[in-house]
Amino acid sequence: MQIGMVGLGRMGANIVRRLLRDGHGAAVFDRDPAPGVELAKAGAEPAASLSDLVNKLEPPRTVWIMLPAGAPTEAAISELTPLLQAGDTIIDGGNTFWKDDVRRAGELGARGIAYLDVGTSGGVWGLERGYCLMIGGPRPAFERHEPIWRTLAPGPGDVTRTRGLSGAIKASEHGYVHAGPNGAGHFVKMIHNGIEYGMMQALAEGFDILKHAASPKLAPEHRLQLDVAEIAEVWRRGSVVTSWLLDLTADALTADGDLTAYSGHVEDSGEGRWTVQAAIEEAVPAEVLTSALYTRFRSRQEHTFAEKVLSAMRHGFGGHVEPSARKKD
């Protein structure tokens, strides 16, 4: 297939690279021309504007927007809409609030333009590992773009098949799913990120307790000198808490057991807040996820080893840089 990609940051550019690598075509646009020039070396066709991007695409056109949620994405869609025609598709692969997807789908649908909201998980590792895709929107548009989903998704790989499944490998086993109507893709991704907060917090607090097992607050005979990097390493092999987040934690602790490169200032990108809001609206208790979100708020005032572990994990999977480090760049 051929797509137009708007936004060539860490994930947008790597999505294009993975598509090109599998034989798809891509026209690309970013306000900064540098990443487009770089992607041209891999076979992409840089565009000078959104209008130029649309002109480089063959109908029915597909334009994927990979920009920060909110105003940047809204502005791009507003500018693109009059340039497209009935039968074209807009994909939003960012972390948009799902209720905005419902509104946009209605507005675009009135013009005959399909809209797909795609929750995209994979971070800076997606180019090699693939992206887990949670897709909301009309099924015909979802099905028309299956060649793209199959290229971007990790595929079954060596993941053991879930007991009870048989027959043909399903889309979800490849790493992508039609989650439901518009809004469903980003809703599922929002909950995914809320769970991520809780899992990260649990690991961080556990390593904080291990780190302080030799605290002078304890009786001398109860003090334990523990090598947290070695513990992370052994937990990666056969333990119940084995996970990619644990892998990233082990990487960081092996490089620097005290995590001196991290202050512990932990940002939140919005999905955790929206997850808690959804829990409130549905009257569903979400104590762990809410607590994990509040811990991130507190981390901006005082920092613990647990928060350094959180920072290390965020940097590991998403390339997120702490504000303090950003100022130094």
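Residues numbered from 1 in each chain as written. Predicted model: local features only at pLDDT ≥ 70, side-chain atom pairs only at ≥ 80, totals over all residues. Heavy atoms only, no water.

Points about the packing of helix α10 (residues 184-211) against helix α12 (residues 244-255)
1) Next: The geometry of α10 relative to α12 is characterised by a closest axis approach of 10 Å and an angle of 40° between their N-to-C directions. Between α10 and α12, the crossing angle belongs to the class labelled oblique. For the pair α10 and α12, the sense of crossing is right-handed. Facing Met199, Met200, Leu203 and Phe207 of α10, the residues of α12 in contact are Leu245, Leu246, Thr249 and Leu253.
2) Next: Counted by class, the contact of α10 with α12 contains 7 nonpolar, 1 polar and no charged residues. (Axes fitted to C-alpha atoms, helices over the stretch in contact; angles between N-to-C directions. Helix = DSSP H or I, 4+ residues; strand = E, 2+ residues; numbered from the N terminus. Parallel < 35°, antiparallel > 145°, perpendicular 65-115°, else oblique. Left-handed = near helix turned anticlockwise from the far one by under 90°. Contact = heavy atoms within 4.5 Å. Nonpolar A, V, L, I, M, F, W, Y, C, P; charged D, E, K, R; others polar.)

A short note on the sheet that holds strand β5 (residues 89-92)
1) Next: Pairing is mixed across the open sheet formed by 8 strands, whose spatial order is β3-β2-β1-β4-β5-β6-β7-β8. Looking along the sheet, the strands with just one partner apiece sit at the ends: β3 (45-46) and β8 (176-180).
2) Next: Contacts from helix α5 (residues 98-109) reach β5 and β6 (114-121) within the one sheet, and its direction differs from that of β6 by about 150°.
3) Next: Strands β5, β6, β7 (132-136) and β8 of the sheet are contacted by α10, whose axis makes an angle of about 15° with β6. (Pairing = 2+ DSSP bridges.)

Some points on the packing of aromatic side chains
1) Next: If you walk through the whole model with that rule in mind, you get 8 aromatic pairs.
2) Next: Their ring planes at 85° and their centres at 5.2 Å tell us that Trp98 and Phe187 sit as a pair that is edge-to-face. With Trp98 in helix α5 and Phe187 in helix α10, this pair connects stretches of sequence that are 89 residues apart.
3) Next: Ring centres of Phe207 and Trp235 lie 5.4 Å apart, and the angle between their planes is 55°; this geometry places the pair in the tilted category. One end of the pair, Phe207, is in helix α10; the other, Trp235, is in helix α11 (residues 228-235), with 28 residues separating them in the sequence. (Phe/Tyr/Trp six-rings, centres within 6.5 Å; stacked < 30°, edge-to-face > 60°.)

Looking at the pattern of salt bridges
1) Next: Taken as a whole and assessed by the stated rule, the structure comprises 21 salt bridges.
2) Next: Between Glu307 and Arg298 there is a salt bridge, with the nearest N and O atoms lying 2.6 Å from each other.
3) Next: Look at Glu307 and you get buried, because its relative accessible area is 0%.
4) Next: Classification of Arg298 as partly exposed rests on a relative accessible area of 30%.
5) Next: Several salt bridges converge on common partners, so that one network encompasses Glu74, Asp92, Asp100, Arg103, Arg104 and Glu107. (Salt bridge = Lys/Arg side-chain N within 4 Å of Asp/Glu carboxyl O. Buried < 20%, exposed > 50% of the residue type's maximum accessible area, 1.4 Å probe, protein only.)

Side note on the pairing of β5
1) Next: In β5, alternate side chains face the same way, and those of Thr89 and Ile91 on one face and Ile90 and Asp92 on the other are all buried.
2) Next: Both strand β4 (residues 62-65) and β5 contribute to a ladder of 4 bridges, which runs parallel. Note that in β5 the partner of Val63 across the bridge is Ile90.
3) Next: Pairing between β5 and β6: 4 bridges, direction parallel. Note on β6: the bridge partner recorded for Asp92 is Asp117.
4) Next: One crossover worth recording links β5 to the parallel β6 by way of α5, and it is right-handed. (Right-handed = clockwise from strand over helix to strand, strands pointing away.)

Section: the pairing of strand β1 (residues 2-6)
1) Next: Along β1, 4 of the 5 residues are buried, which leaves the element largely enclosed by surrounding structure.
2) Next: Relative to strand β2 (residues 25-29), β1 is paired through 5 bridges, and the arrangement is parallel. Bridge pairing links Val6 to Phe29 in β2.

A word on α11
1) Next: Residues of α11 that are buried include every one of Val228, Ala229, Ile231 and Ala232, and no others. Around the axis of α11, the buried residues are gathered within 160° of arc, so they sit on the same side. Exposed residues lying more than 90 degrees from the buried face of α11 are Glu230 and Val234.
2) Next: Packing partners of the buried residues in α11 comprise α10 and α12. (Arc of directions from axis to C-beta.)

What about unusual backbone geometry?
1) Next: Residue Pro60 is bonded to the preceding Pro59 through a cis peptide linkage, with omega at -10°.
2) Next: Relative to the helices and strands, Pro60 is located in the loop between α3 (50-55) and β4.
3) Next: Even without a glycine there, the phi angle at Leu259 is positive, about 50°.
4) Next: Mapping Leu259 onto the fold places it in the loop between α12 and α13 (271-282).

Quick notes on the packing of helix α4 (residues 71-80) against α5
1) Next: Packing of α4 against α5 leaves a shortest axis separation of 13 Å and a crossing angle of 10°. Classed by the angle they form, the pair α4 and α5 counts as roughly parallel. Of the residues in α5, those in contact with Thr73, Glu74 and Ile77 of α4 are Asp100, Arg103 and Arg104.
2) Next: When grouped by side-chain class, the residues that make up the contact of α4 with α5 number 1 nonpolar, 1 polar and 4 charged.

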